[in-house]
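Breakdown of the fold
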Amino acid sequence: MLIQCVSMPLTLLTIYLLARLHFPLNEYSAVLLQGGWAGLLTWRLGLARWWRWIQLLFPAALMLALALQLPSWLFLLAFLLSLGWYWSTFRTQVPYYPSTPEIWDAVRQVLPADQPLRMIDIGSGLGGLVMYLARQRPQVECVGIELAPLPWLYSRLRALLSGSRARFILGDYEKLDFAQFQLVFAYLSPAAMTALWRKCSAEMQPGSMLLSYEFAIEGQPPDQTIYATETGKPLYIWYF
């Protein structure tokens, strides 16, 4: 929103200059200019590529919503659903990244055979990995922790209705003690990896493992790298 606000005076200035040159303008031109300036600022600030598209299309989406004269409660509902789904993404810089069954099976194969242990998926989303491992490896205690209320509620109900042994916690993994887990799985974002490594180094016990899908840790080469999907995205493993 701040980028859109900063773009507005730039858009007005551009419209003024174009009008002085007798360039034909209308409300659609203003929308395109506003989105263009916002997208350019987003690119210059180095934000993720998907933010550029959001900023570019936001003015057009706003214009369309006004033209449709949608009831105000729809916007409130959309806000509440977004809040429940993403929660504090603005703080953690970890958006919703769902892992795939190929990764779930790669994690299963990494687990020691016939050895009881505790694993946790930090940022467990809809709970797919945790429920899969709970089903495939009965001797493993499988836990997921999720900060956003709606994905946590979905995974909790899913486990309850299916009778799964998987357990899901609503909360922040930074407040957990990793010493109680022999395997920590993470599919977070580059912004979170340095702090995650500090926490793992301080708390994880000898013989435990940290697994990170797609995102490496700067300055900490993994002990093992597995390519489990056709996309070529790696699964990194660090042993403690």
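Residues numbered from 1 in each chain as written. Predicted model: local features only at pLDDT ≥ 70, side-chain atom pairs only at ≥ 80, totals over all residues. Heavy atoms only, no water.

The chain carries the name Class I SAM-dependent methyltransferase in an unreviewed UniProt entry, which gives Pseudoduganella danionis as its organism.

Turning to the sheet that holds strand β4 (residues 183-186), a few remarks are in order. Pairing within the open sheet is mixed, and its 7 strands lie in the order β3-β2-β1-β4-β5-β7-β6. Two strands lie at the open edges of the sheet, namely β3 (167-170) and β6 (224-227), each paired on one side alone. Neighbouring strand axes in the sheet, compared pairwise and without regard to direction, differ in orientation by 20° on average. For β6 and strand β7 (residues 234-239), the ladder comprises 4 bridges, and the chain directions are antiparallel. Along β7, the bridge assignment pairs T225 with Y236. On top of the sheet, helix α8 (residues 149-162) reaches β2 (140-146) and β3; it is set at about 155° to β3, its chief contact. The strands touched by helix α9 (residues 190-203) within the sheet are β1 (117-122), β4, β5 (209-213) and β7, with β5 carrying the most contacts at an inclination of about 170°. (Pairing = 2+ DSSP bridges. Helix = DSSP H or I, 4+ residues; strand = E, 2+ residues; numbered from the N terminus. Axes fitted to C-alpha atoms, helices over the stretch in contact; angles between N-to-C directions. Contact = heavy atoms within 4.5 Å.)

Moving on: the pairing of β3. Pairing of β2 with β3, which is carried by 4 bridges, proceeds in the parallel orientation. Paired with I145 across the bridge in β3 is I169.

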